[in-house]
Amino acid sequence: MEVKKIAVIGSGTMGRGIAYSAALSGFEVTLQDISAEALEKAKNDNGSLANNSVEKGYITSEERDNVQRNITYTTELQKAVEHADLVIEAILEIMELKIDTFKKVEEFAPEHAILATNTSTMSPTEIGAQMKKPDQFVAMHFFNPVHRMKLIEIIRGMDTSDKTVEIIRQVSEKMGKETVEVNEFPGFVTSRMNLIIGNEAMNMLMEGVASAEDIDKAIKLGLNHPMGPFEMADLVGLDSRLRNMESLYHALGEKYRPSPLLVKYVKAGRLGRKSGQGIYTYK
Ligand code: NAD
């Protein structure tokens with residue numbers, strides 16, 4: 001099966017990025033969200049990204065026009081998935097919500113459609129087991145910002161077929177990405193490593209070990225990370241970060257207990273770039 005049409009469910013930080021990259025690679029994309037406001041923001045953000053990318057010479061104006069043309073924005077789930085060859089879910093990191101959404105997706109999606117979750121930490125086996133066709137279910141883990149990050153982690157659920165993995169690999173390649181195949185375990189490779197670094201940085205800030213700026217500088221210049229852990233947390237969104245930590249804490253125990261400082265920032269509504277203020281303040 002050749003994937004031509006992709007439905008992306010959830011138009012937040014990740015969903016809009018996945019839709020943008022897929023459209024740029026020539027897929028016909030439908031981006032769905034329950035919130036019309038979130039969809040409007042996604043459309044504006046993708047428009048600005050495409051325009052800036054033309055100005056900086058990363059893409060041609062023809063490619064920009066293709067991106068705009070190739071994405072349809074809708075709040076209707078049926079409309080989004082009824083012709084899709086591949087459905088990629090990027091809603092909140094809440095297991096019941098993901099299972100509930102996929103159950104609705106499979107009511108409307110074609111028989112042949114592959115269903116993929118962009119979960120950062122959760123079990124594709126657990127979600128896949130609730131599906132009519134667990135062999136067509138897989139985790140396809142993108143990175144933020146999607147148009148710049150080269151990797152997709154492919155996580156096989158217990159019943160995911162070789163054919164499904166192969167199709168996901170082909171789609172990833174067409175999107176210009178490299179893939180790694182990971183055996184299912186909470187947090188896979190990247191989230192598990194990244195969350196522990198980010199949480200440790202939060203605890204250091206809480207303990208007064210150094211300022212946020214100096215912790216970021218130390219990790220960038222001393223350990224050669226391209227971004228500091230706080231720059232990364234603000235980009236990811238502190239609320240998403242907290243949900244992911246809670247999921248790993250639940251699955252793997254004490255080592256992953258969310259830093260109290262992270263919890264405090266989220267309670268204060270300081271969610272990072274998306275709210276204008278996180279560890280740092282943004283215009
Ligand atoms: P986000 O909060 O930015 O966006 C979530 C979107 O989902 C919102 O627009 C919301 O309106 C929408 N939504 C909620 N319930 C819905 C439903 N039932 N149907 C349709 N839309 C619904 O979240 P995000 O940061 O984009 O994360 C999405 C997923 O991607 C999570 O599973 C997260 O763990 C994963 N992820 C996030 C990152 C990151 O850097 N933020 C990286 C990799 C993976």
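Just above sits the structure.
Residues numbered from 1 in each chain as written. Predicted model: local features only at pLDDT ≥ 70, side-chain atom pairs only at ≥ 80, totals over all residues. Heavy atoms only, no water.

1. A few points about the nonpolar core
Note on soluble globular proteins: their nonpolar side chains tend to be buried together.
In step 1: By size, the foremost hydrophobic cluster in this structure holds 34 residues, and its most contacted members are Ile6, Leu86, Phe142 and Val171.
In step 2: Of all the elements, helix α1 (residues 13-24) adds the most residues to this core, at six residues.
In step 3: Core analysis: the second largest hydrophobic core is formed by 19 residues, Met202, Tyr256, Leu261 and Tyr280 among them. (Core = buried A, V, L, I, M, F, W, Y, C linked by side-chain atoms within 4.5 Å. Buried < 20%, exposed > 50% of the residue type's maximum accessible area, 1.4 Å probe, protein only. Helix = DSSP H or I, 4+ residues; strand = E, 2+ residues; numbered from the N terminus.)

2. Considerations on the packing of helix α8 (residues 190-207) against helix α11 (residues 238-252)
In step 1: Running from N to C, α8 and α11 cross one another at 110°; their axes reach a closest spacing of 11 Å. In this view, α8 runs roughly perpendicular relative to α11, as classed from their interaxial angle. Helix-helix and strand crossings are classified by hand; for α8 and α11 the assignment is left-handed. Residues Arg192, Asn194, Leu195, Gly198, Asn199 and Met202 of α8 form the contact with α11, whose own contacting residues are Leu238, Arg241, Asn244, Met245 and Leu248.
In step 2: Of the residues belonging to the contact of α8 with α11, the class tally is five nonpolar, four polar and two charged. (Axes fitted to C-alpha atoms, helices over the stretch in contact; angles between N-to-C directions. Parallel < 35°, antiparallel > 145°, perpendicular 65-115°, else oblique. Left-handed = near helix turned anticlockwise from the far one by under 90°. Contact = heavy atoms within 4.5 Å. Nonpolar A, V, L, I, M, F, W, Y, C, P; charged D, E, K, R; others polar.)

3. Quick notes on the site of the ligand
In step 1: As a matter of local geometry, the ligand sits amid 27 residues, with Met14, Asp33, Glu93, Lys98 and Ser120 nearest to it.
In step 2: A distance of 2.7 Å separates an oxygen atom of the ligand from a polar side-chain atom of Asp33.
In step 3: Val236 has a polar backbone atom sitting 3.2 Å from a nitrogen atom of the ligand.
In step 4: Burial of the ligand by the protein amounts to 88% of the accessible area it has alone, namely 840 Å². (Near = heavy atom within 4 Å. Polar contact = N/O pair within 3.5 Å; in protein donor to acceptor, adjacent residues only side chain to side chain. Areas by Shrake-Rupley, 256 points an atom, 1.4 Å probe, with all protein chains shown as cover.)

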